[in-house]
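# Reading the structure
Here is how the chains run, residue by residue.
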Amino acid sequence: MFISRTAGALLLAVFLGSLQGCAEVKPWERGNLAREEMALDPYPALNKFRDHIFTSKEASQGGHGGSGGGCGCN
């Protein structure tokens, strides 16, 4: 069976791209990855507060689900 050069290159790129996510984490490295700073959102309360201030200052509803009139009151 003959695969065209473009399809073969695409298949090779997909295969090589899928190998990038494969990594073995050693037991002594797991402590570093479990730290609070390594989370996607390490400070959720602080980020929620900053979003509230941003939406209040902008006096618009900008994708964060909040609304405000510029004075900080909802």
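Residues numbered from 1 in each chain as written. Predicted model: local features only at pLDDT ≥ 70, side-chain atom pairs only at ≥ 80, totals over all residues. Heavy atoms only, no water.

Turning our eyes to something else, we now look at the overall build of the chain. A tally of regular secondary structure across the chain gives three helices and zero strands. The secondary structure elements of the chain, listed N-terminal to C-terminal, are α-α-α. Counting every position in the chain, which comprises 74 residues, the buried fraction comes to 5%. Accessible surface, the chain: about 6700 Å² in total, of which carbon and sulfur atoms supply 61%. (Helix = DSSP H or I, 4+ residues; strand = E, 2+ residues; numbered from the N terminus. Buried < 20%, exposed > 50% of the residue type's maximum accessible area, 1.4 Å probe, protein only. Areas by Shrake-Rupley, 256 points an atom, 1.4 Å probe, with all protein chains shown as cover.)

Applying the stated criterion to the full structure yields one salt bridge. Glu24 is the salt-bridge partner of Lys26, the closest N and O atoms lying 3.8 Å from each other. We classify Glu24 as exposed; its relative accessible area is 67%. (Salt bridge = Lys/Arg side-chain N within 4 Å of Asp/Glu carboxyl O.)

Below, the discussion takes up a nonpolar patch on the surface. Together, Leu12, Phe15, Leu16 and Leu19 make up a nonpolar patch on the protein surface, roughly 390 Å² of accessible area in all. Assignment of secondary structure puts Leu12 in helix α1 (residues 5-19). Look at Leu12 and you get partly exposed, because its relative accessible area is 48%. (Patch = residues over 30% accessible without salt bridge, like charges linked within 9 Å, V, L, I, M, F, W, Y side chains within 5 Å.)

To continue, consider the confidence of the model for the chain. Reading predicted coordinates in detail is not appropriate for stretches of low pLDDT. Looking at the chain, pLDDT values average 76 and 74% of them are 70 or higher. Ranking the elements of the chain by mean pLDDT puts helix α3 (residues 44-58) last with 81 and α1 first with 87. (pLDDT = per-residue confidence, 0-100.)

Mapped onto the elements of the fold, Arg30 is located in helix α2 (residues 30-33). Given a relative accessible area of 51%, Arg30 falls into the exposed group. A distance of 3.5 Å separates a polar side-chain atom of Arg30 from the backbone oxygen of Val25. (Polar contact = N/O pair within 3.5 Å; in protein donor to acceptor, adjacent residues only side chain to side chain.)

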